[in-house]
Every structure is written in structure tokens, then in C-alpha cells.
There are 4 protein chains.
Amino acid sequence: MPTMLGQNQYGKAENRVVRITRDGATHHIKDLNVSVALSGAMDDVHLSGSNAHVLPTDTTKNTVYAFAKEYGIDSAEQFGIHLARWFVGSQEPIQKARIRIEEYAWGRIAASETALETASGLIGADEVNHSFVRQGAETRVTQVTYDGVRWEVVSGLKDLTVLNSTNSEFWGYAKDKYTTLREAYDRILATEVSGRWRFSWSDDAQQMPHWEKSYAETRKHMLQAFAETRSLSLQQTLYQMGSRIVDHRPEIDEVRFSLPNKHHFLVDLEPFGLSNDNEVYFAADRPYGLIEATVLRDGAEARIPVDMTNL
Amino acid sequence: MPTMLGQNQYGKAENRVVRITRDGATHHIKDLNVSVALSGAMDDVHLSGSNAHVLPTDTTKNTVYAFAKEYGIDSAEQFGIHLARWFVGSQEPIQKARIRIEEYAWGRIAASETALETASGLIGADEVNHSFVRQGAETRVTQVTYDGVRWEVVSGLKDLTVLNSTNSEFWGYAKDKYTTLREAYDRILATEVSGRWRFSWSDDAQQMPHWEKSYAETRKHMLQAFAETRSLSLQQTLYQMGSRIVDHRPEIDEVRFSLPNKHHFLVDLEPFGLSNDNEVYFAADRPYGLIEATVLRDGAEARIPVDMTNL
Amino acid sequence: MPTMLGQNQYGKAENRVVRITRDGATHHIKDLNVSVALSGAMDDVHLSGSNAHVLPTDTTKNTVYAFAKEYGIDSAEQFGIHLARWFVGSQEPIQKARIRIEEYAWGRIAASETALETASGLIGADEVNHSFVRQGAETRVTQVTYDGVRWEVVSGLKDLTVLNSTNSEFWGYAKDKYTTLREAYDRILATEVSGRWRFSWSDDAQQMPHWEKSYAETRKHMLQAFAETRSLSLQQTLYQMGSRIVDHRPEIDEVRFSLPNKHHFLVDLEPFGLSNDNEVYFAADRPYGLIEATVLRDGAEARIPVDMTNL
Amino acid sequence: MPTMLGQNQYGKAENRVVRITRDGATHHIKDLNVSVALSGAMDDVHLSGSNAHVLPTDTTKNTVYAFAKEYGIDSAEQFGIHLARWFVGSQEPIQKARIRIEEYAWGRIAASETALETASGLIGADEVNHSFVRQGAETRVTQVTYDGVRWEVVSGLKDLTVLNSTNSEFWGYAKDKYTTLREAYDRILATEVSGRWRFSWSDDAQQMPHWEKSYAETRKHMLQAFAETRSLSLQQTLYQMGSRIVDHRPEIDEVRFSLPNKHHFLVDLEPFGLSNDNEVYFAADRPYGLIEATVLRDGAEARIPVDMTNL
């Protein structure tokens, strides 16, 4: 046969698992979307259709739900590590597991005064201890990969929209015969952040990061760098966001961002006899500038793929 | 000709306008998606193609941007009222205007300690006064209709996902030969709220509601009713949400909700030798129960259309 | 209590049912998304939470699948009629049923020459008799409503994108101080058709239309009217599309369209020393003109709601 | 500074260009969504904000529209080649260009008999020569990459949904303690194909493939392999689809597919006293199996990235 099999993987994608934990009357919630991809000695199933090496994707789904009970969900990263270790360790033909997880955040609903009079919650007395509202600002993501020896954890977020209403400029650029853009000395800078950061942790012998705290701190540094950079280009802002993370979070060696430049065009109101001193903008959909780059700790290896921030 | 023209309207839909207001170094942002629909003496344009009565949709777009400068955007409702009044008052053939607006909420980005040392913001000293992050929990909506005499304002929200992890039951229902469902005495109740509420304000001579405060309070009462109702059915919860609003907000006469029952099925872990005491759930996509109803102040007229909560 | 219950309905939405019918070796496929909404004597479940009158939404789901077996699916309309009749007839408290159905079209995959040598299909010998490819041009929709006496069937389609590359003009319109648009004498006219048409059939004693043929013919007349109208406005084109249907299809009394004007702007290439004689266009997303109207058979009652074409 | 810059690229994404070509009264249409990504000597803009090496993304947008006029659009691939060659050749700091294009297909609207009497089109006399309807089955995609020396063209499609109503089995798989799946000997096999194929053409000195014919033939072979394979696993079907392409299309060296297993579950109708002999199915959304693999010509290099079929 003149053809051969290349890279391949399979598994169940988008297993939606919600885990409730009860701490007395106070409930906690974790809400995940888990996708499993397994690879290894899988030539036969492609070439002859023999499924002898194939653990059904239905089984990988069952495992996600069973593990939510057996291990609980401390963090998306830790849950992914449990799953990857199991798949690689339990089935001879499976040599590598990649677990991708999206996490949706929930907050608590504040109680009314009437409810407060009768409640005796163990959490803040002004919240209903089993009632939640889903936060929408961003989706948290992680990817855990394991080959039986080496761990790779890449976490991040997507769909986080941010905007600076001043302190952004764009001038001094290259020009050719198709250039008509006018220079800007005070523009809106807005983007929908998709970022991924890779942890240096790769070995069971190493101390594992505190995944929840790491996420909260990384997000905070990233937002602060966005807000505090006086921007001459979105590339510059991106680099500041990445290096601020690497500078402050020793557990992270590499950061990649995909930042669409969500253009806000100042509307020309002169035909109507009105000025527009950076007040009224048209928020455009398409096209948009798209700025992508990796920022690395000095000496670190670049391992986050080019398009990972576009998934 | 054996055909005739029925209800018709036209205008520019989805004008994305962002308005920045500067209060010294502190900036404020309003982010709207405005859709204009005009109707009146428009037979000719349908029958003969004569545009003599047609103000171009491009002009309605320009008006949205010009008004954002001329009037500012205090609230989506007030902005819609300015627009509707203008269209009906300025063009003889236009007899009715309907303005629909979606509003996207933004919060401020907290500053880092370094930034705080050098900043002298007029807002909270721990925030960057021109940097924003878009909140994702819900989209606020309003619809303003005006025919030259009577105003109708229907506001609301959509895409607000809420969940109670206990205090929900479903039993004692009707059964027929296609019924297989088992009764539930402790289930998750989750829904993605789409709600609309109609204000009694309809006349320029009446005192106008405080639109921003009304929204915040209405949302709060709605969430509290969801959280505090021990639910025997989603219909019961819906009615509590609606009546709580009507009870607490005298400016509102009618509320309609469309509440998809976002099923969370308890996963059967027995095949794996595991119990599942309301801990691990599968969050299903489709199909879903869909519960819709209107709650009215006693004696009020029902005016919110059946499908308005599905737009 | 100072509140009262208004219009309400409930049921299971988006039941995805695929029905395979085998005609010897030749298979046929029907692919539907069925949403059930029931109403009637439902005060108790809203006010007290008593479910005694509530047939569970889970049961309505089961009924959809059971009926796909018991009656087959000749057409979406006929299937909806079976369901509506059952719900109203079998449960005392249910006084009205509304069945909404989306239908996805499938074509057959052409066989290779190798396959033809060995196949003995009962369908065209150049097709694989059990292999399908989903057509994507439009989604067919229908809504069947029944109150035990009167039937109302409104069918239609959505997401059908059409474009005329010439024979469209727009001039002679009203102007005000916000008007900057230039007149157009040869422009692209493109829209994404959402249309609904109401059948006069309303009584079991009347002859039922041939639903499948009616759909095919109605779609054809609609497209031809779009293509063959020299357009002075999108409103004029809309009216021609509607009246062409009413003229040719006696079973249809009312048509409503929602036609977004998907603007294609001629790109200004002069800065680059190039002409643009209606050759290169920018296809814009938002904002867009939105033209909506009802066309009626003379004397017919207007019953399609204003926003039905936006669902 | 302890950080360094890794892979980076920038450009304007999602430029929507529609090109009309007039052949007498007969019009032709090409409808593309073009995304440009450029890279090279771009350290300064990231580190200092200097834009001296940055051709604005606005200029890359202008170039797309100007080239649509200057070169026309014979095929998405050829158009991408024109663009990539220009960017790399015209700006010293730009060392690599990657052009991604989506193409939307359009068909012609058939004319009515009335129209035929008066038309004298140069195309089929039964079509309106300037009226089009957008086909929805799939989106055609291509990616052209150029570094000044070597070309890489990867074309493909996405969102093409196909289904076999028989001739699919799944049994003989590995089992562990989480396995509950029952073996299937006659199931529906349905998937939404995302495929990419890489051309061997890489050098201006080589004969360029006929891009339009190659696409049509590749799509045909792929569909036939899907339809004609008696499937023991989706992996086997995938491999047949890929090897059929490589066998029949000498211009293609590598194929990668991402095939979600769109589960159609046979509904249990026994509780209602009904049999279900592969007639009534529930089409599930999530989770879904996800099968991904590369098929290569013997000896060819694997260059299509793992996640490219998920973009």
C-alpha cells in the first residue's frame, strides 16, 4: 500500500461534568467541559478495523464521571492529571494522554434581608449557600499531557475582553503604495484575550504548583500589565503582558497570546456639525488586526504551538 | 392585484456604539447595540419602489451616532427615548418607532501596587481609571416604542445562568402511557434566564422611572426569588420571580420569563461500585424543558408578546 | 395577592429525532428538531407548585420519539399535526398545543464507478443508497397550532442567503440633516431570507395541502421573484416575493419576510490607481438594514406575529 | 531582562472580499474570507514599541482588495499565492507570509418560464445570469505559506456533515472496569468532516496543480470512500478516506482529518410496546467521540499540525 499512518489520537470530547461538594449547608460547585485524546499502538484499528487496542470513547466518558466522584475536582489541572495518569497507566496500548478542560466560573447569589433572618449559613451570612450565578467574563482552560514520564501543563483563558479608553498610539509605521491609514496618537485599544501559559512542572518528583492560586495571580498580573502599559503598538502591550507574568510567576516558563485588535473607529460627526473629541466610537466586527506572540523565560524551550491560542 | 400589504417596518439593525465620557482622568463607558425599526405611510415603497417616504437606514445609523454625542447615554432606555421621539417627530411619514438596545456591562481593572504609587485617580485609588474588563454574566436589553402619543418601555436581560444545587423537587405529575420519568425529591435546578419587564410609564406627563436603579433592583429581586424559593416546579419558581418583582417595583406592571430547564442528570455510578449522593452530574444540552409565563400586576394589561423572551 | 398569571406554556424543546425508512436496500432519512409547547389549565402549578395537571416535559419528549415510529414522518407539518392532536385530545387540562419543527435536508452521495459495478440499488444506480450528505443552504421550519377545533399551520425557511449582482438601485429617498448616503444606480442586493407562510387550511373537514410539494413550489417562486425583480428598494423586492407566492399558491393566505440588507460596499481603489467598475466589494457584517413586512391575500386575516421571522 | 520573544506574527484577519466578474450578461462570483499573518524582523515592535518594521494591518487589508482587482480570483489558492509573494517580496523585514482563506460556494437561481421567454443569457437558458443562492454544505479552506523560497499549500474543507444509515459496526474493543458500552453490529455512522490536504507543490519551478479541479476531485473521492467503506470503526473509515485521496490524487502527499463521531442513539421504545428496528434515533450533541489522524504518501514528510483540523 502506498500510504502510511501518521499522528493519530482519539477519545471522547466535551464531557460536561458538574461536581457539587457539600460543606455542611454550604455547597461548592465545579463546572467543567473535559475532552480526552489518547494515542499509542493504534495502527490496527486504522488499517484493519480491529478494535482490540481501542478502549471505547464511551469508557473514557465514564471514567471522567467516575473520577469526579473518586477524586473530587480540586482544580481543572489536578483533575486532568488524575485522568491522564490513569489512561496511560492502565492500558498497555495507550502511550500518551492529552486532557483538555474548559472551566466555567460561578459566583454566589446574595440573599435578601428576609432570607438572612432565617438562614444560618456557614458561608458569608449574606449569601444563599446553594444558589449560584454563572460568571461570564472568561473561560478558563487547561491542557494536561502525559506520556508516562513527562508532564506538560498549559493553562490559560479565552474570551476575556478588555479595553483602554486612552494611552494607546500607533504611528511611525512602514508604508507602501497600499497604505492609507492615518497615524493615531490617542486611540481606544480593545482586545479579546486568548492566552496560554506553560508551567515548568514536568515531573512527579517536583513540587506541584498551587493551580488555583497560580491562575488568579497570573490573570491579575496580565490585566494589570494591559491596563498600565502606555501602548505604542498592541505587540508592545502583548509583550508587557507576557513578561509581567514570567517576571512574577516563577512556576511559568512560557506564555503565548492571540490578541485580536478589536477596532473602535472614531465616528466622523463633522457632517452633522458636531465635534468628536474621542467620545463616540463604532465598534467594528471584521476585519480585525490579529497579533500573536510567545514570551519565554530566558533559556526556556518554546513548546506552545502557534495555533493553540486559536482553539 | 389580489394581494395587499400588512404590517411592515424597516431600519438599521445592530448599530454598535461605544460612548466614552471623561470625568477628569476618570473615564466612563457605555457599550450598546442599537436597532431601529420605523413604520408609517410606507405603501409606495413596497408597491412601486418609490423611496420618497423612506429615510434611508444609513441615516438612522448616523442618527444613533450623532445622538450619542448630542445627548450622551445616561441609560439605554433614555437613549432609546431620544431616538424614538426624533424619528416620529421629524419625518411626516414615520408614525411609529421601535428602538431595541442590547447593553454590555464593563467593570474596572484593579491597579497593581506599583501603579497606585504613581496614580492620582479621581475614582477608587485601586483602579486604573481608563481600563475596563467586559462582564459576561448577562446582556441587558430594552425596547422603547413610541407612536407620537404613547410610550412603551420593556426592559430585561438574557443569558443569565443560575443554579440551585438543592431545594428543588418534581413529583405528583400527570402520567400517560408515554411517561417513564421518575419522581425527584432533590434535584439541581438550573436555567438561563431570559426576562422582560414592562414599565407603567407611558406618557411624557408622568414621572419617568430611574432606569439604572430600576434595573439593578429588579435583577436583585429576581435572583433572590430564584435562590430562596423551595421549588416544586420551575413554573412555581418562575411565578415567584415575577411576583417578587411586581411586589417590590411599583414602576413595573408586567413581567415575562422564558426559562429553559437546563437539565443536570445525576450520573449512575453504580456499575463502577460508586455511590452518587447528589455529587456528580451530567449537564445536558438538548432537549430541554422550556417554561414560559407572564406575571401581571392585578388589573394590568398583558402587552409583552409571547415570543419576546426568545429574541 | 396583587399579581396574576398571564399567558403561559411549557414543554420539551429541541428534541432531535432522525427517522430512517428502508425501502428495500434504499434508505430514506428525515432529520427534525421538534419543540413542544402546551398550555391550558395550568394555574396551580404556577401558584402552588402542584404538578397534578402537568404532563412532564420528559413525556412530551418520549411522545415525539414514539410517534416517529408509530406514524413515521411524511412531512414536518404532518408530524406536527399528529403530535398536536394527541396532546390536546389525551389530557383534559391541555387545551392548546404548539409544535415547532426545524428540518435539515440531506442529499445522497454519488457512488464511484467501482461501487456501481457491484451495487444493485433500487434508487438511481449512481448513488449509494444509504449514504447521505447534509445540505446546508437553508433550514426549513414549520409551526402547527391546535386548540381542539382550529388548526393553524405556518411554514417557512430561514438562513437562505441570496444575491443579485446587478439590477438593484436605491435613490429618490427622503433626506434630513443626518443623511450622507449617496444614491446608487447599480448595487449588489444580498439578503439572508427568513420567511413564513400561513396556510388557509384550518379544519379537519378541509382538504389538507400536499406539504412537501407546497414547500418546494413556494421556495421556487420566492427565489424566482427575488432573481427577476429589477429592484428599486428591498421593500419592493420583498413585496414581489410575497405576492408571487400568494398568486401561485392558493393554499397560502399570508406571507411574512424578515430580510436583512447584507450590505456589499464597493471598495474605493482610487488611492491605488485602480478603477472598480462593480467588481470588488467588502461584505459587511453589522450594522445592516432590516426590512420586514407581511403580504396578504386580499381579505385574509393577518395572523403571523411581527417577530416570528426573527426566531 | 529575564524574558525573550518567541514565535510571533501579525496581520489583518477575516477580510471579507466578494469579486464579481462579468462575462457579457453572465456574472460570476467569488466570495472569500482572507486572513493575513506576517512574520520576520519584528523584535523592536514588541520590545520598544517602534513600528518602523511594521506594515500596518490596515495596509494588508487594502492589499487584499487591490489584488482582487489586479489579479482577479481564479481560485483561493492562486489568490493566496499572489498575496504571499507580494508581502515577502516587497518589505525587507517581512520574511514569511501565511494566508488563510475560507471560500463560500454559490449556485445559480433557476429562472421561471416567464423569465426564459425574455432572457438571452450566455449561460444555461434556465438560469438567471446574475442571481445566486449560497450553498451551505461546507466551507472550503486553504492556507498558503511562503518564506521567499518554499511554498506550502494546505487546502481542505470543514462543516461537511455525512451519514451512513447502515454498514457500520463497533465491537471487539478493549474493556476495563469503567466499560459499560454494548457492542453494535448495525449503527448509524455520522460525522462532520474537517479535512486538510497538503500539496507536494513547493517550488515555482514545478508545475502548479489545477486548484479548482483538484478540490472537486478530492472532495468526491473522500465522500465515496466514506460511503463505500463497510466500517468496523470510524478510524478505519478515516484511513480509507485519506488513502483514497492519496491513491487518486498525485498532487497530494498528506491528508489529515478530524472526525467527530456524531452519535445517533437508537431510542428505547419498548416501554411503549413498540419495536425499534433501526428506525428512530436521538441525535446527540455532546459528548462526542473525536477521531483524528494523518494519512501520508509513503515516504512523505508529515507537516500538517495536529490541531489544524480544529481551527
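For the structure itself, look to the data block above.
Quick caveat: nothing in here was measured; it's all calculated off a predicted structure.

Undergrad: Requested: an account of the interface of chain D and chain C, with residues and values cited.
TA: Contacts between the two partners involve 57 residues from chain D, matched on the other side by 57 residues from chain C. Summed over both sides, the interface of chain D with chain C buries roughly 4,800 Å², with 60% coming from carbon and sulfur. At the boundary of chain D with chain C, the tally comes to four salt bridges. Here D:Lys69 ties to C:Glu279 by a salt bridge, and the two come within 2.6 Å at their closest N and O atoms.

Undergrad: Help me get a handle on the relation of the copies chain D and chain C, residues and values and all.
TA: Its rotation angle being 180 degrees, the transformation that places chain D on chain C also includes 0.0 Å of axial translation and leaves an RMSD of 0.0 Å. On the angle and the small slide along the axis, the relation comes out as a two-fold axis. Proximity to the rotation axis, assessed at the C-alpha, singles out D:Gly136 in chain D; its C-alpha lies 1.8 Å from the axis. Here 100% of the interface residues in chain D have copies in chain C that are interface residues too; the copies meet face to matching face.

Undergrad: Tell me about the packing of helix H5 (residues 211-228) of chain B against helix H6 (residues 234-248) of chain B, and name the residues and values.
TA: Residues and elements named next belong to chain B. Interaxial distance between H5 and H6 falls to 8 Å at its minimum, and their mutual angle equals 145 degrees. As for the relative orientation of H5 and H6, their crossing is right-handed in sense. Where H5 abuts H6, its residues Thr218, His221, Met222, Gln224, Ala225, Phe226 and Glu228 lie against Thr237, Gln240, Met241, Arg244, Ile245 and His248. Class assignment of the residues belonging to the contact of H5 with H6 gives a composition of five nonpolar, six polar and two charged.

Undergrad: Give me the pattern of salt bridges: which residues, what numbers.
TA: Two side chains bearing opposite charge may form a pair once their charged atoms approach each other closely. Counted under the stated rule, the structure contains 101 salt bridges over all chains. For the salt bridge of A:Arg230 with A:Glu169, the shortest nitrogen-to-oxygen distance reads 2.8 Å. Here A:Arg230 is found in the loop between helix H5 (211-228) and helix H6 (234-248), whereas its partner A:Glu169 is found in the loop between strand E8 (151-164) and strand E9 (189-199), with 61 residues between them in sequence. Assessed through its relative accessible area of 47%, A:Arg230 is described here as partly exposed. Measuring nitrogen to oxygen at the nearest pair gives 2.7 Å for the salt bridge that ties C:Glu14 to B:Arg286.

Undergrad: So what's going on with the relation of the copies chain D and chain A? Which residues, and what values?
TA: Rotating chain D by 180 degrees about the axis while translating it 0.0 Å along that axis superimposes it on chain A, leaving an RMSD of 0.0 Å. Here 100% of the interface residues in chain D have copies in chain A that are interface residues too; the copies meet face to matching face.

Undergrad: Could you give an account of the environment of C:Ala190, with specific residues and numbers?
TA: Residue and element names in this part refer to chain C. Relative to the assigned elements, Ala190 resides in strand E9 (residues 189-199). A residue is classified by how much of its surface remains accessible, and Ala190, at 1% relative accessible area, is buried. In sequence terms Ala190 and Arg286 are 96 residues apart; their C-alpha atoms lie 14 Å from each other. Those residues in contact with Ala190 that sit more than four places away from it in its chain are Val162, Leu163, Pro260, Asn261, Lys262 and His264.

Undergrad: Which residues make up the interface of chain D and chain A, and what values do they have?
TA: Across the boundary between the two partners, chain D contributes 82 residues, which contact 82 residues of chain A. Between chain D and chain A, a total of about 6,900 Å² is buried, with carbon and sulfur atoms accounting for 53% of that surface. When the buried area of chain D at its contact with chain A is split by residue, D:Met4, D:Tyr178 and D:Tyr239 rank highest and sum to 11% of it. For the interface between chain D and chain A, the tally reads 48 residue pairs in polar contact (both at pLDDT 80 or more). Of all the elements in the fold, those that place two or more residues in the side of chain D that touches chain A are strand E1 (3-13), strand E2 (15-23), helix H1 (43-47), helix H2 (57-70), strand E4 (94-103), helix H6 (234-248) and strand E13 (288-297) of chain D.

Undergrad: Tell me what's going on with H6(B), and back it up with residues and numbers.
TA: The end-to-end C-alpha distance of H6(B), which contains 15 residues, comes to 21 Å, matching closely the 21 Å that a straight helix rising 1.5 Å per residue would cover. Counting buried residues in H6(B) gives twelve out of 15 residues, a clear majority hidden from the surface. Turning to H6(B), its buried residues number three or more, namely B:Leu234, B:Gln235, B:Gln236, B:Thr237, B:Leu238, B:Tyr239, B:Met241, B:Gly242, B:Ser243, B:Arg244, B:Ile245 and B:Val246. The inward-facing, buried residues of H6(B) contact strand E9 (189-199), H5, strand E10 (252-261) and strand E13 (288-297) of chain B together with strand E1 (3-13) and helix H1 (43-47) of chain C.

Undergrad: So what about the packing of aromatic side chains? Which residues, and what values?
TA: The full count for this structure, using the stated rule, is 52 aromatic pairs over all chains. Aromatic side chains D:Phe67 and D:Tyr71 sit 4.9 Å apart centroid to centroid with 55 degrees between the ring planes, which places their arrangement in the tilted category. Residue D:Phe67 is classed as buried on the basis of its relative accessible area of 2%. One residue, C:Arg140, lies across the ring of C:Tyr215, its end atom 4.3 Å from the ring centre.

Undergrad: Could you give an account of the packing of H2(D) against helix H3 (residues 76-90) of chain D, with specific residues and numbers?
TA: All names here are of chain D. Between H2 and H3, the least distance of the axes is 11 Å, while the angle of their chain directions is 130 degrees. The angle between H2 and H3 falls in the class oblique. Note on packing geometry: the crossing formed by H2 with H3 is right-handed. Where H2 abuts H3, its residues Thr60, Thr63, Val64, Phe67 and Ala68 lie against Phe79, His82, Leu83, Trp86 and Phe87. Considering only residue class, the contact of H2 with H3 consists of seven nonpolar, three polar and no charged.

Rules behind the numbers
- Residues numbered from 1 in each chain as written.
- Chains lettered and ligands numbered in written order.
- Predicted model: local features only at pLDDT ≥ 70, side-chain atom pairs only at ≥ 80, totals over all residues.
- Heavy atoms only, no water.
- Contact = heavy atoms within 4.5 Å.
- Buried area = accessible area lost by both parts, 1.4 Å probe.
- Salt bridge = Lys/Arg side-chain N within 4 Å of Asp/Glu carboxyl O.
- Least-squares fit on C-alpha atoms with pLDDT ≥ 70 in both.
- Axes fitted to C-alpha atoms, helices over the stretch in contact; angles between N-to-C directions.
- Helix = DSSP H or I, 4+ residues; strand = E, 2+ residues; numbered from the N terminus.
- Left-handed = near helix turned anticlockwise from the far one by under 90°.
- Nonpolar A, V, L, I, M, F, W, Y, C, P; charged D, E, K, R; others polar.
- Buried < 20%, exposed > 50% of the residue type's maximum accessible area, 1.4 Å probe, protein only.
- Polar contact = N/O pair within 3.5 Å; in protein donor to acceptor, adjacent residues only side chain to side chain.
- Expected span 1.5 Å × (residues − 1).
- Phe/Tyr/Trp six-rings, centres within 6.5 Å; stacked < 30°, edge-to-face > 60°.
- Lys NZ or Arg CZ within 6 Å of the ring centre and 35° of its normal.
- Parallel < 35°, antiparallel > 145°, perpendicular 65-115°, else oblique.

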